[in-house]
Amino acid sequence: MDYSKIKQKLKTNFPDVYVDDDNWPEPYWEQGPIRAIVLGTDPGTQYNARFKYVFGLENPGPKNKFFMAVKHNLDILGLKLGEIYAQNLCRNYFNCDSSKNKHWHKVAAEWVPYLRQELDSLFLSEIPVLATSELIVKVLAPDFHKQMRCENYYRSCIIIEPGQNLLGRKLIPLFRHHRYQLENWDQYAAVVRAVL
C-alpha cells in the first residue's frame, strides 16, 4: 500500500503531534487462521517508545504494559495470540498518548480507508474487529456512538453491526480501561464469545 499521500498530509496538517518516523510497528499476525482483529489506537506514547509490532507484541509476556489489559480480556474470551490479527487504526507515531492528542479523531479518520482496504484484502468480512478504545468506536461508528455511552455497550450487550460502521464488519467494544475488564461483565463476555 502506498502511504506517501497520507504521510504528507499528516506532516503538513498536524505537525505539532505527528512524528516523522517511517519505522511504524508492523501488524501482529502469526499467519494462521484468525478469529478476530484486535484494533489499537496508535503507537504513540509519552515515553517515545518504538515497537517492532503493534502493542509492543515483540514482547508479549505479562510485563507488556501496552497489551496487558487487552490480553486479560482476550484470555477471558478464550482467544489466543495465534488467533488474532493486531493492528492500529493510526499507523504513525505521535509525540503523545492518544487521549492527549487533540487531533486524534481527524488523523484517525484519514487512516480509515487504508485500514478497511488492508483488512478486506486479508480477511473475510465475517471476521469481527475488537476496538480497544472508545476513541476507535467514535471514529469508526460516529453516528451509532453518538447515542451511546461506553457502559451501555456492556450493560445492554450491544455489538455494532457491519452496516453501522465504516469497516463493514462487526465492531465489538473491548475497551482496555480497567472499568471494562470482562471479568466484571459476564453477560457481555458471553455475547462476544458467541460472535467469535
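Quick caveat, the model's predicted, so the values are computed rather than measured.

Thresholds applied
- Residues numbered from 1 in each chain as written.
- Predicted model: local features only at pLDDT ≥ 70, side-chain atom pairs only at ≥ 80, totals over all residues.
- Heavy atoms only, no water.
- Helix = DSSP H or I, 4+ residues; strand = E, 2+ residues; numbered from the N terminus.
- Rg over C-alpha atoms; globule rule 2.2 N^0.38 Å.
- Buried < 20%, exposed > 50% of the residue type's maximum accessible area, 1.4 Å probe, protein only.
- Contact = heavy atoms within 4.5 Å.
- Salt bridge = Lys/Arg side-chain N within 4 Å of Asp/Glu carboxyl O.
- Phe/Tyr/Trp six-rings, centres within 6.5 Å; stacked < 30°, edge-to-face > 60°.
- Lys NZ or Arg CZ within 6 Å of the ring centre and 35° of its normal.
- Arc of directions from axis to C-beta.
- Disulfide = S-S within 2.5 Å.

Student: Looking at this structure, I do not really get the overall build of the chain. What am I missing?
Tutor: A tally of helices and strands in the chain yields 7 helices and 5 strands. Its helices and strands in sequence order give the chain the pattern α-β-β-α-β-α-β-α-α-α-β-α, from N to C terminus. A compact globule built from 196 residues should have a C-alpha radius of gyration of about 16 Å, and the chain, at 16 Å, falls within 12% of that. Dimensions of the chain, computed from C-alpha atoms along their principal axes, come out at roughly 45 × 35 × 30 Å.

Student: What's the story with unusual backbone geometry in this structure? I'm lost.
Tutor: Phi is mostly negative for residues that are not glycine, and the peptide bonds are mostly trans. A positive phi angle, close to 75 degrees, is found at Gln31, a residue other than glycine. Checked against the element boundaries, Gln31 lands in the loop between strand 1 (28-29) and strand 2 (36-40). On the basis of relative accessibility, which here comes to 58%, the residue Gln31 falls in the exposed class. One non-glycine residue, Phe55, lies in positive phi territory at about 60 degrees. Its location among the elements puts Phe55 in the loop between strand 2 and helix 2 (68-77).

Student: Looking at this model, I keep getting lost on the side chain of Gln181. Mind explaining?
Tutor: Looking at where Gln181 falls in the secondary structure, it is placed in the loop between strand 5 (171-173) and helix 7 (186-195). Judged by its relative accessible area of 8%, Gln181 falls in the buried class. When near neighbours in sequence (up to four residues on either side) are disregarded, Gln181 contacts Ala69, His72, Asn73, Phe175 and Arg176.

Student: I tried to follow the pattern of salt bridges on my own but got confused; where do I start?
Tutor: Side chains that carry opposite charge are capable of pairing whenever their charged atoms lie near each other. All told, the structure shown has 15 salt bridges when counted by the stated rule. Arg50 is the partner of Asp21 in a salt bridge, and the nearest nitrogen-oxygen pair spans 2.9 Å. Taken together, the positions of Asp21 in the loop between helix 1 (4-13) and strand 1 and Arg50 in the loop between strand 2 and helix 2 put the pair 29 residues apart, joining distant regions of the chain. For Asp21, a relative accessible area of 17% corresponds to the buried category. Ionic pairing is found between Glu161 and Lys170, a salt bridge with its closest N-O pair at 3.1 Å. In the salt-bridge network here, residues are joined through shared partners; they are Arg116, Asp120 and Arg169.

Student: How should I be thinking about the packing of aromatic side chains in this particular structure?
Tutor: By convention here, two paired aromatic rings are described through the distance between centres and the angle between planes. Applying the stated rule across the entire model yields 19 aromatic pairs. Summarising the aromatic geometry, the rings of Tyr3 and Trp24 are spaced 5.3 Å apart at their centres and angled 70 degrees between planes, so their arrangement reads as edge-to-face. Placement of Tyr3 in the segment before helix 1 and of Trp24 in the loop between helix 1 and strand 1 is noted, with a sequence separation of 21 residues between them. Under the relative-accessibility criterion, Trp24 is labelled buried at 15%. Between the aromatic rings of Tyr154 and Phe175, the centroid separation amounts to 6.0 Å while the plane-to-plane angle is 40 degrees, which identifies the pairing as tilted. One end of the pair, Tyr154, is in helix 6 (residues 150-155); the other, Phe175, is in the loop between strand 5 and helix 7, and 21 residues separate them in sequence. Pair check on accessibility: Tyr154 and Phe175 agree, each one buried. Between the NZ or CZ atom of Arg50 and the centre of the ring of Tyr93, over which it lies, the distance is 4.0 Å.

Student: Just checking my understanding: could you explain helix 2 for this structure?
Tutor: Each full turn of the α-helix corresponds to 3.6 residues, which orients residues three or four apart in the same direction. Those residues of helix 2 not exposed but buried are Val70, Asn73, Leu74 and Leu77. Viewed end-on, helix 2 has its buried residues packed into an arc of 100 degrees, placing them on one side of the element. Elements in contact with the buried residues of helix 2: strand 2, strand 3 (84-88), strand 4 (129-131) and helix 7. The positive-phi residue at the C-terminal boundary of helix 2 is Gly78, with phi of around 80 degrees.

Student: Please clarify how the state of the cysteines should be interpreted in this entry.
Tutor: Disulfide: a covalent bond formed between the sulfur atoms of two cysteine residues. The final tally for this structure, using the stated rule, is 0 disulfides. Free cysteine Cys90: the closest other cysteine sulfur is in Cys96, separated by 11 Å.

The quantities given are spatial measurements derived from coordinates; they are silent on function.
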